[in-house]
Amino acid sequence: MSNAVFSLLDQPWLPVLRRDLSTGVVRRDRIRPCDLTDRIAVEPVVAFDWQRPDFDAASREFMIGLLATACPPQDDRDWLDHWRVPPSPERLAATFAPLARAFVLDGDGPRFLQDHDDIAAASQGVAGLLIDSPGQKTADDNLDLFTKRGRVPALARATAAIALFTMQSQAPSGGAGHRTSLRGGGPLTTLALPAGTSSLWHLLWLNVPSYEASAGDDLHLVFPWLAPTRTSEDKKPPTTPTYIDRDGRQCFWGMPRRIRLDFRPAVEGEVCALTGAADAVMVESYRTRPWGVSYAAVGHPLSPMYRQKESDPGWLFVHPQPDGITYRHWVDLVVGEASPLRRSAACVAKGRARLALVRQSRNARLLACGFDMDNMKARGFVEAEMPLFAIAAAERLDGFARQLVSAAEFAGSRTAAFVGDALGIDKADATPRAALRERLFAETQDAFFGVVDAAAGRLEADPNLPDFAEPLARGFLDRVLRPAATRLFDESVQLSDLDTRTLARAVRARLFLTLMLKGQGKDGAALFKALGLAVEAPSEPKPRKGRRNATEEISS
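Computed from a predicted structure; not experimentally measured.

A.B. asks: Sorry, what's going on with the nonpolar core here?
C.D. replies: Within soluble globular proteins, side chains that are nonpolar generally end up buried alongside one another. Ranked by size, the top nonpolar core spans 152 residues in total, and within it Trp13, Phe103, Phe112, Phe223, Trp253, Leu261 and Trp330 carry the most contacts. A total of twelve residues in this core trace back to one element, the largest contributor, which is helix H9 (residues 394-423). Leave out the neighbours within four places in its chain, and Trp253 touches Phe62, Gly65, Leu66, Thr69, Phe103, Phe112, Leu113, Phe165, Val222, Phe223, Pro224 and Trp225. The next biggest cluster of nonpolar side chains, apart from the first, holds five residues, and it includes Ile131, Met167, Phe371 and Met373.

As structure tokens, this is what we get:
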């Protein structure tokens, strides 16, 4: 085995893409963390290139954490200076140097993200570090149909390092004593993205939290592997902000799993099973023990949070769900502070303000990603981009967007209920109703962002423009919600295929849907209220005494 240690600060271990600004040609490269700004004026690094979205996402978090630990912006002016003139690779290398002992992957001293002391335990295959690998029970039951066992015999050290970081930062439930990550299993990460084809430096720097200074001398409070492992067996108290660094930067370097990688010399012709890269040293297995660090009440600037009710003292991290990420989630991910039950990620709120400083407003984006977990099983990696709208009048725009989302929520739920009533679907069976509601969001997403963009344009021209919302909200109802809800109902309820009794029920449900979308009855009033529209009084004559019209019936 090579005697030289593998340093994540000194080795060119991060695969990236570079774009030649003169030709537009993109090529692959491998860099050290300090090379992030190398050739930034002519051929900048624009993205990570592991060809696995979970590793790319983890690499972004790794670099944001490294910058936040070594050289965070102290204030907006400091941030803006380095946005306009990024630090040179030489300057970054000097800034990272004091952290060197925390970023050694192997060797005799502390190892990056690994237990402080050696672990006496049986070795297991390195594939177990991959969150999407089948668990032992899945393999034993022969249920690994799509993600097969045995596909990852060995990893190069670079790949093992990012797999380890991904596991520690995203760790799902792993059985008794095998802790989830600081944010729980498979947390949702959200980042603000600059407009256009900005460099990777600008994307990362946009999301780095501001702190008064670098981490300082108490590095063991930031990097838990530099001190004896703080274990959590026998009902020991969890690790709270009291036990970590003052600024909470350990959130980027949490170590819930107790792991020691096993290194061996590569055999002739051997390459990494995931990247195809050659390496003199390979990682074939690792050893683990339960009862790693158990975190409680430690925040994270890259993840949104929620609570069930206002009286709850604690906040929980948001996790991806099987139905994906649509504009239904947008207001909570971007403007969560407007709700007592939601908090958007601190980096998104700060990123919007920073983008306003550099006059990148309507074209900025929001990136949301993470594993959709079913307890210990990864159902998939979710990733979505949406507009961010970082304008000066953001508060007014956010309120308008929240109105549209609320209206779409109500229209989708009621449309699904009417379809259920028409077809006689048991109200206890929520699956088909939820699926139809999500279809409405998916099919109206582009239109929603188009309307919000139009509102942003009006507010950019005049932040105090009165009554900007009413015509746009009415257009959203007339040209988006009404035709979408009607079409979904008609596709779901084929009147020509129904028997007489069911047909009568379906026609009645279709009538109620139509009246709601016109603002009639209790449902219509609720829909119009969500949109901020005045409800028009019905012009139809009153029905004859002793009969009830449809509007009265759905209001009762």
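A.B. asks: Help me understand the sheet that holds strand S10 (residues 316-317) in this model?
C.D. replies: Each strand in a sheet pairs with another by means of backbone hydrogen bonds, the pair being arranged parallel or else antiparallel. Sheet architecture is open: three strands sit in the order S10-S9-S11, paired in antiparallel fashion. Each having just a single partner strand, S10 and strand S11 (342-343) make up the two edges of the open sheet. Here strand S9 (residues 305-306) runs beside S11; their pairing, made up of two bridges, is antiparallel. What sits directly across from Met305, in S11, is Arg343.

A.B. asks: Honestly, the environment of Thr180 in this entry has me stumped. Any pointers?
C.D. replies: Tracing the sequence through the fold places Thr180 in the loop between helix H5 (157-170) and strand S6 (189-193). Judged by its relative accessible area of 32%, Thr180 is partly exposed. In sequence terms Thr180 and Pro241 are 61 residues apart; their C-alpha atoms lie 17 Å from each other. Beyond its immediate stretch of four places on either side in the chain, Thr180 contacts Ala171, Pro172, Ser173, Gly185 and Pro256.

A.B. asks: Explain the pattern of salt bridges to me, please; I cannot follow it from the model alone.
C.D. replies: Side chains carrying opposite charge are able to pair once their charged atoms draw close together. Taken as a whole and judged by the stated rule, the model has 41 salt bridges. Glu43 is paired through a salt bridge with Arg39; the nearest N and O atoms lie 3.2 Å apart. On the accessibility criterion, Glu43 (6% relative accessible area) is buried. On the basis of relative accessible area, Arg39 is assigned to the partly exposed category, the value being 43%. Here the residues in one salt-bridge network are Asp323, Arg328, Glu409, Arg437 and Glu438, joined through shared partners.

A.B. asks: Whenever I open this one, the side chain of Asp106 confuses me. Can you help?
C.D. replies: Considering the arrangement of structural elements, one finds Asp106 in the loop between helix H3 (89-96) and strand S4 (124-125). Asp106 sits in the buried class, given a relative accessible area of 7%. Leave out the neighbours within four places in its chain, and Asp106 touches Ala4, Val5, Phe6, Arg111, Arg157 and Phe263.

A.B. asks: When you look at unusual backbone geometry in this model, what are you seeing that I'm missing?
C.D. replies: Comment: phi is negative for the bulk of residues other than glycine, and the bulk of peptide bonds are trans. In this structure, Trp291 is a non-glycine residue whose phi angle is positive, near 70°. Phi angles above zero are rare outside glycine, and Asn375 is one such case at about 60°. For Asn375, the position within the fold is in the loop between strand S12 (365-374) and strand S13 (377-387). What makes Asn375 exposed here is its relative accessible area of 53%.

A.B. asks: Help me out: how do you make sense of helix H2 (residues 76-84) in this one?
C.D. replies: One turn of the α-helix equals 3.6 residues, which is why residues spaced by three or four share an orientation. When we look at burial in H2, the residues that qualify are Asp78, Trp79, Leu80, His82 and Trp83. In the core, the buried residues of H2 are packed alongside H3, helix H6 (200-206) and helix H8 (346-357). Where H2 starts, the residue carrying a side-chain oxygen 3.2 Å from the main-chain nitrogen of Arg77 turns out to be Asp75.

The rules behind the values
Residues numbered from 1 in each chain as written. Predicted model: local features only at pLDDT ≥ 70, side-chain atom pairs only at ≥ 80, totals over all residues. Heavy atoms only, no water. Core = buried A, V, L, I, M, F, W, Y, C linked by side-chain atoms within 4.5 Å. Buried < 20%, exposed > 50% of the residue type's maximum accessible area, 1.4 Å probe, protein only. Helix = DSSP H or I, 4+ residues; strand = E, 2+ residues; numbered from the N terminus. Contact = heavy atoms within 4.5 Å. Pairing = 2+ DSSP bridges. Salt bridge = Lys/Arg side-chain N within 4 Å of Asp/Glu carboxyl O. Polar contact = N/O pair within 3.5 Å; in protein donor to acceptor, adjacent residues only side chain to side chain.

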